[in-house]
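This is what each chain is made of:
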Amino acid sequence: MSLQPQQNLPSLLLQENSQSQSSSTPHPALPTLPPTFTTQNPPTLLTQGAEALIYKTTYLTPHLPAALKHRPPKPYRHPTLDARLTRHRILSEARILTKCRREGVRVPAVYFVDWEQGWMLMEWIGGGSVRDALAAFLTKREVGEESVRGLMGRVGRAVGRLHVAGVVHGDLTTSNLMLQPTTASSPLDGQVVLIDFGLGAVSVQDEDKAVDLYVLERAFISTHPKAEGLFQEVLRSYEESYKGAKVVLRRLEDVRMRGRKRSMVG
Amino acid sequence: MIAIGLEGSANKLGVGIISHPPNGGPAQILANIRHTFVSPPGEGFLPKDTAKHHREWVVPLVKQALKEAGVCIRDIDCVCYTKGPGMGAPLQSVAVAARMLALLWGKDIVGVNHCVGHIEMGREITGAQNPVVLYVSGGNTQVIAYAEQRYRIFGEALDIAVGNCLDRFARTLGISNDPAPGYNIEQLAKKGKHLLDLPYAVKGMDCSFSGILASIDLLAASLQPPNPQRLDPDTGEPITTADLCFSLQETVFAMLVEITERAMAHVGSSQVLIVGGVGCNERLQDMMALMARDRGGSVYATDER
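Predicted, not measured: the structure shown is a model, and the values here were computed from it. (Residues numbered from 1 in each chain as written. Chains lettered and ligands numbered in written order. Predicted model: local features only at pLDDT ≥ 70, side-chain atom pairs only at ≥ 80, totals over all residues. Heavy atoms only, no water.)

Undergrad: Which parts of the structure should I look at to understand the domain arrangement of chain B?
TA: Size of an interface: often given as the accessible area lost when the parts come together. Residues and elements named next belong to chain B. Assigned domains of chain B: these are domain 1 (2-113) and domain 2 (128-301). The C-alpha centroid of domain 2 is placed 29 Å from the C-alpha centroid of domain 1. Every contact between the two is made by 7 residues of domain 1 and, on the other side, 6 residues of domain 2. Interface area, domain 1 with domain 2, both sides summed: about 540 Å², of which 52% is carbon and sulfur. In terms of surface lost to domain 2, no three residues of domain 1 exceed Val38, Pro41 and Gly42, which account for 57% of the buried area on that side. In this assembly, domain 1 and domain 2 are joined by 0 salt bridges. Split by residue class, the side of domain 1 that touches domain 2 holds 3 nonpolar, 3 polar and 1 charged. (Domains from an automatic or database assignment. Contact = heavy atoms within 4.5 Å. Buried area = accessible area lost by both parts, 1.4 Å probe. Salt bridge = Lys/Arg side-chain N within 4 Å of Asp/Glu carboxyl O. Nonpolar A, V, L, I, M, F, W, Y, C, P; charged D, E, K, R; others polar.)

Below you can see the structure in the form of structure tokens.
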């Protein structure tokens, strides 16, 4: 993972989590799921971040797949504070997801939220991440340059639409962009779906939007060094996607220049 | 190799003598003494007074350290000093003293980055291999991990440091700065049991403390007479100063543990090393240990009071 010294971000956070988790020392017992999920057909764990665990399960019928996000209680926090934070974060994420959906941004639909127990059921998004699709493209080069440019365009438009809706993601990496296959002919076709709004917020500030783009850019450069040129395509379609984009892109220049705020030379 | 080190980046002046055996074995601490500039209650330490303190004490401390270590000037190979970051005036005084000794004795002089010094010292003492480091003191709040041949800052405080937040709250309460304001807050917090609502300011891997300080300062002011006594809504017991200290610690430490955990998940490490003055706080160490246990890891804490 290549992080630069001035790398400032809330993020790139969950990006390589699944890998780092598996390579670390044997994990102690996982947090227990709420009783709703411990009976027949226990959900399968997909990934564990610092805050939450993601499982695959079903909703209403055994044929409708769903994603379960569980925020287990943190024993180190005071129970009152823990309950307050879990409630706030689950609700805020659910509100952001519904807001995005209302505004026509493609995100998972929220099926059910239990803020007391700390879990949320969401629409299951099939397919893989843009990160994996890009990595596969860069190693195998099975499809043409056109097709990857098309994907970059869709990524830029998806981010643009999110920002039009007045929402910032807070952790925009290629792992948090899913590629949902449609009637795909090429592995790079499909709809771009934004996931994991755990650090999301409602914001109209250009600064926050520029930081989103900066995080995405860093994620591009660090995980797909060969794909640096492709990011220009993302920015180009982002710029076309809405009126205020030009101001945000100018702000992005500042964010790039600034990096970390404090000098640690000594 | 024997090195003498001078550190004076804040109100403590420390002189240490360390011997590194030629076979690469663990370092031996021959002397480790310090003198602290203590300001009166309700006041912080000002750079110029702190610098004056260091200038007065550096020579006696160096003499005493040499005596304690049982080494003479001839045995010493190099003079090390804290190059920064830290408070300008005290840093400069100590740097001048170090340069003077190096010229006087004809030894090499080595500047050491304050943060890296804390980390390397912590690794040497605890034997932690590749930990995520939480560096928390009066001037610094950082989550640091080693990646690609460099210590990299993953998260930090966006405004004041956590130690500064605690110290300034001690000033608001007018409690003693001896031995350290944070220590006295910790002792008071042990008597508190009601958690008051304070802002919780974590943004990704960064956090912010100035809003919390403003908020707890307001709460403290509202407890002063002639204001009516505040009661806890659940138990009906009165809210005390101890409850304020307790709430402040619980909130800011939860934030620190959270950003540390996020960095651990990111780099895939299960060890945590806590360094810096605030790292002495036992509640912070306990919370960190609970978090590390759930990730199948362990916590190493270093600094003595």
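Undergrad: Looking at this model, I keep getting lost on the packing of helix H5 (residues 206-223) of chain A against helix H7 (residues 245-258) of chain A. Mind explaining?
TA: All names here are of chain A. In contact at an axis separation of 8 Å, H5 and H7 are set at 65° when each is read in the N-to-C sense. Here the hand of the crossing between H5 and H7 comes out right-handed. Packed against H5, whose contacting residues are Asp206, Glu207, Lys209, Ala210, Val211, Leu213, Tyr214 and Glu217, the element H7 presents Val247, Val248, Leu249, Arg251, Leu252, Val255, Arg256 and Arg258 at the interface. Taken together, the residues that form the contact of H5 with H7 break down as 9 nonpolar, no polar and 7 charged. (Axes fitted to C-alpha atoms, helices over the stretch in contact; angles between N-to-C directions. Helix = DSSP H or I, 4+ residues; strand = E, 2+ residues; numbered from the N terminus. Left-handed = near helix turned anticlockwise from the far one by under 90°.)

Undergrad: Which parts of the structure should I look at to understand the pattern of salt bridges?
TA: Any two side chains of opposite charge can pair, so long as their charged atoms come close to each other. Per the stated rule, a full pass over the model turns up 29 salt bridges over all chains. For Glu51(A), the salt bridge is made with Arg89(A), and the minimal N-O distance between the two is 2.9 Å. Linking Glu51(A) in the loop between strand E1 (44-48) and strand E2 (53-58) with Arg89(A) in helix H2 (residues 79-102), this pair joins segments that are 38 residues apart in sequence. Take Glu51(A): its relative accessible area is 14%, and that puts it in the buried class. Look at Arg89(A) and you get buried, because its relative accessible area is 14%. For Asp196(A), the salt bridge identified is with Lys69(A), shortest N-O distance 3.1 Å. Taken together, the residues span a long stretch of sequence, with Asp196(A) in the loop between strand E9 (191-194) and strand E10 (201-202) and Lys69(A) in strand E3 (residues 65-70) at a distance of 127 residues. Classification of Lys69(A) by relative accessible area gives buried; the value is 6%. Taken together, the shared-partner salt bridges connect Glu51(A), Lys69(A), Arg71(A), Arg77(A), Asp82(A), Arg89(A), Glu93(A), Asp196(A), Glu258(B) and Arg262(B) into one network. (Buried < 20%, exposed > 50% of the residue type's maximum accessible area, 1.4 Å probe, protein only.)

Undergrad: How do you make sense of the domain arrangement of chain A when you look at a structure like this?
TA: All names here are of chain A. Each domain of chain A was delimited in the assignment, giving domain 1 (34-123) and domain 2 (128-258). Inter-centroid distance (C-alpha atoms) of domain 1 to domain 2 is 25 Å. Residue-level contacts link 13 residues of domain 1 with 17 residues of domain 2. The junction of domain 1 with domain 2 conceals about 1200 Å² of combined surface from both sides, 67% of it contributed by carbon and sulfur atoms.

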